[in-house]
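Here's the letter readout for the chains.
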Amino acid sequence: MNDEKGPQAPLQLSHQILPNGETAVEIGGELDIGTADRAYLYVRKIIDRHPGPVAVSLARVGFCDARGLRALVRMANYAELACCPFRVTSPSARLIRLMRITGLDEKFLASR
């Protein structure tokens, strides 16, 4: 079956602890109904295990739906409860537009 989005890109998750103590998380592929919970749990574990700020790069996210946006909100809310600074970086123009439409630009793009 052909999908309008083309072949589905698997979710890719990785992180590294930077010398300044910030954890840089990379999310790649599709952040959608099938992958959002996994991405959220991955970032939640990082917040639980590593003190310091968390920056989630969206540079390699090729597609994000409402469930993906919800996962980002859940990550930010969890970080806030844990008193952990949280930000997203490098969203695509399409994702920025989606954030603006949904009103999430104020939450995620204020520091751009």
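Structure: see above.
Heads up: these notes are all about the structure in this document.

### Thoughts on the pairing of strand β1 (residues 12-17)
In step 1: Sheet topology places β1 next to strand β2 (residues 23-31); six bridges connect them, and they run antiparallel. Directly across from Gln12, in β2, lies its bridge partner Gly28.
In step 2: From the end of β1 to the start of β2, which pair antiparallel, there are five residues, and Gly21 there has a positive phi angle of about 90 degrees.

### Remarks on the pairing of strand β3 (residues 54-64)
In step 1: When β2 meets β3, the two strands line up parallel, connected through eight bridges. Considered in β3, the bridge of Val25 is made with Val56.
In step 2: Remark: the β2/helix α1 (residues 36-49)/β3 crossover connection has right-handed handedness.
In step 3: Note that β3 and strand β4 (residues 86-89) share four bridges and pair parallel.

### Overview of the sheet that holds β2
In step 1: Spatial strand order, β1-β2-β3-β4: four strands in an open sheet with mixed pairing. Either end of the sheet is taken by a strand with one partner, and the two such strands are β1 and β4. Taking each pair of neighbouring strands and ignoring which way they run, the sheet shows an average axis angle of 20 degrees.
In step 2: Sitting on the sheet, α1 touches β1, β2, β3 and β4, and the angle it makes with β2 is about 175 degrees.
In step 3: This element, helix α2 (residues 66-81), spans β2, β3 and β4 of the sheet and lies at about 145 degrees to β4.

### Remarks on the side chain of Thr23
In step 1: Among the secondary structure elements, Thr23 is positioned in strand β2.
In step 2: Apart from residues no more than four positions distant in its own chain, Thr23 is found in contact with His15, Gln16, Ile17, Ile46, His50, Pro53, Val54 and Ala55.

Reading the values: rules and limits
- Residues numbered from 1 in each chain as written.
- Predicted model: local features only at pLDDT ≥ 70, side-chain atom pairs only at ≥ 80, totals over all residues.
- Heavy atoms only, no water.
- Pairing = 2+ DSSP bridges.
- Helix = DSSP H or I, 4+ residues; strand = E, 2+ residues; numbered from the N terminus.
- Right-handed = clockwise from strand over helix to strand, strands pointing away.
- Axes fitted to C-alpha atoms, helices over the stretch in contact; angles between N-to-C directions.
- Contact = heavy atoms within 4.5 Å.

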